[in-house]
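Listed below, chain by chain, are the residues.
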Amino acid sequence: MRQRERLSGRSRFAPVILFPKIEKILISGNRMGIISAEVMKMKLIDRGMYLRKLVGVIGTPDIKVVTGVRRSGKSKLLEAFKRYVEANIADANIVHINFNLTKYEKFKDYHVLNDYIESAYVDGKQNFVLIDEVQMCPGFELAINNLHAQERFDIYITGSNAFLLSSDLATLFTGRTFEVKVFPFSFSEFCEYYSLTDRYAAFSRYLREGGMAGSYLYQDPEAKYDYIADVFDTLIVRDIRQKYKIRNPILMNRIVDFLMDNISNLTSARNIADALTGNKDKINHKTVGNYMQYLCNAFAFYRVRRYDIQGKKYLASSDKLYLSDHTFRYAKLGTKNLDYGRILENIVAIELLRRGYEVYVGVLYKKEIDFVAIKRNEKLYIQVSDNISDAKTFEREVSPLLQIKDAYPKMVLARIRDDAAVTRDRLMVDEEAEEEAPPAQPPEPAAEPEDTPLTKDEYRLLQSLLYGRDYGWARSSGLMLSVLVDGINDKLYDTFSDSVLLGDDPPELIEDYIADLKEMIHP
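Counting restarts for each chain: residues are numbered from 1 in the order of the written sequence. pLDDT decides what is reported in this predicted model: residues at 70 or higher carry local features, side-chain atom pairs at 80 or more are listed and counted, and totals for whole chains, interfaces and linings draw on all residues regardless. Neither water nor hydrogens contribute to the side-chain values; these are computed over all heavy atoms in the structure.

(A) View of helix 11 (residues 249–261). Across its 13 residues, helix 11 extends 18 Å between first and last C-alpha, which sits within 8% of the 18 Å expected from 1.5 Å per residue. Think of it in three bands: with a 1.4 Å probe and only protein chains considered, a residue is buried below 20% of the maximum accessible area for its type, exposed above 50%, and partly exposed in between. A run of DSSP states H or I qualifies as a helix once it reaches four residues; a run of E qualifies as a strand once it reaches two. Both are numbered from the N-terminal end. Among all positions in helix 11, only L251, M252, I255, V256, F258, L259 and M260 are buried. The span you would expect from a helix comes to 1.5 Å times its residue count less one.

Here is the structure:
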């Protein structure tokens, strides 16, 4: 306590909320000037959407289970629910056990846990049982099932994402369960936490900082990303390895990196197996499929299936996988190439899931609609783009929506304000450059699309990739590689019935199609 008082510079240290394992880091970081005393006080906000769900099922016979990725705020939600019950239910008797605290160590035997809760029952009151990190008690499901069968307790539990899976709930518990799925902070919660009112500037910041609230304690960007990487590696991947007895953690890491690098791309276990086998890893696509499912079970990724809008059926081929928080990608792969188009799509996918929609990738006449979001009788069609200032890009995003003949809402989400700022900055640079123009450079040889459906820029990018040329001209011309790659894959789909490029930084040619592409794209 004295050490904390010295750090705060006050005679009395205000209450703080610290995440396990990082208090020592915070103290040393404060000495280095990375973390201020004000930042060390973790702020709590009202996560009303989740709290209302728990409040709405008070008194129902269900076992209430709070799930979600690690460090998304499950424990804090349970504490907020406890405060609500204390403030609003006069005859409440609450039994609260948090297995993160050593004082509850003795209850990690399920017999002792069961006996303690039974002994705490008070006749004539509403008896609530709140257990945090329930999986730390081996055999916990036996105690929970026994307590539930007595019909005397209103039961609420949280647990590690890998040990309390949505798919396991029906198997673990004999009674009906009500699941509350908790996500990292939304953009709205991010603005509330930092009291931000300029939504445009705030969104640019959210793109970089994301929704892992534990990272908000750090001022230095590298320290933020170190924390986020630690959450992913130490907490998420470790849990998966422990539960599923992963024999090849190196392969798991390679699959994670591949999925992070290809968020918003169509992905299948076979494609990943082929890509990694090309890098001298001999793996079976079934193994890859299992690992992908483990990652989704742990809420590290969310799978979005494809849906044929015209035929109204699900497609069994490739899916898209999105990260539970987009900053995991920055923390693991770096921030050199942020690729805002993919990040925006990831943010939209998670926000739709957060709001309770079923989310699909729409397919219509070989065109793709980024998201079809369905909730009861409500349906939304959504395209997401980082930049629609280019007429061709705008047409590409809008045309699939216009082909949908129903009356449900259709929208394009884009960073228009940022597009305008980029255009302004380019104009200012161009005006300054006119005063002292550099010596003229010989022009690049013109790329001729010939008899292909490609634009000149798309044709030239394929030329560069096929014949080992530098493609830096694309960025220097203000072009987005992701837009060029999407255009190429879209326009050549009729010819190859598949994508010919994977990723966009760098774009990678699919080896099976290189010979055919060279017949089409000349040096």
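There's plenty left to go through after this.
(B) Region of the structure containing the packing of aromatic side chains. Within 6.5 Å between ring centres, the rings of Phe, Tyr and Trp (the latter by its six-membered ring) count as paired, and their orientation is classed by plane angle as stacked under 30 degrees, edge-to-face over 60, tilted in between. Summed over the entire model, instances satisfying the criterion amount to 26 aromatic pairs. The interplanar angle of 65° and the centroid separation of 6.4 Å between the aromatic rings of F81 and F128 together place this pair among those described as edge-to-face. Placement of the pair is F81 in helix 4 (residues 74–88) and F128 in strand 3 (residues 126–132), with a sequence separation of 47 residues. Since its relative accessible area comes to 0%, F128 is described here as buried. Judged by centre distance (6.1 Å) and plane angle (35°), the ring pair of Y291 and Y294 falls under tilted.

(C) Layout of unusual backbone geometry. Positive phi is not limited to glycine here, since E133 has a value of about 60°. On the secondary structure map, E133 appears in the loop between strand 3 and helix 6 (140–149). One non-glycine residue, S195, adopts positive backbone phi at about 55°. Structurally, the position occupied by S195 is in the loop between helix 8 (187–194) and helix 9 (199–209). Classification of S195 as exposed rests on a relative accessible area of 55%.

(D) Just the packing of helix 8 against helix 9, in detail. Where helix 8 meets helix 9, the closest approach of the two axes is 10 Å, and the angle between their N-to-C directions is 105°. As summarised for this structure, helix 8 and helix 9 are arranged roughly perpendicular, according to the angle between their axes. Between helix 8 and helix 9, the residues in contact are F187, F190, C191 and Y194 and R199, A202, F203, R205, Y206 and E209, respectively. The residue makeup of the contact of helix 8 with helix 9, split by class, is seven nonpolar, no polar and three charged. To define axes, lines are fitted to C-alpha atoms, for helices over the stretch in contact only, and angles between the resulting N-to-C directions are given on a 0 to 180 degree scale. These descriptions rest on fixed angle ranges, namely under 35 degrees for roughly parallel, over 145 for roughly antiparallel, 65 to 115 for roughly perpendicular, and the rest for oblique. Any pair of residues with heavy atoms lying within 4.5 Å of one another is described as a contacting pair. Any residue that is not Ala, Val, Leu, Ile, Met, Phe, Trp, Tyr, Cys, Pro, Asp, Glu, Lys or Arg is counted as polar, Gly included; the first ten are nonpolar and the last four charged.

The quantities given are spatial measurements derived from coordinates; they are silent on function.
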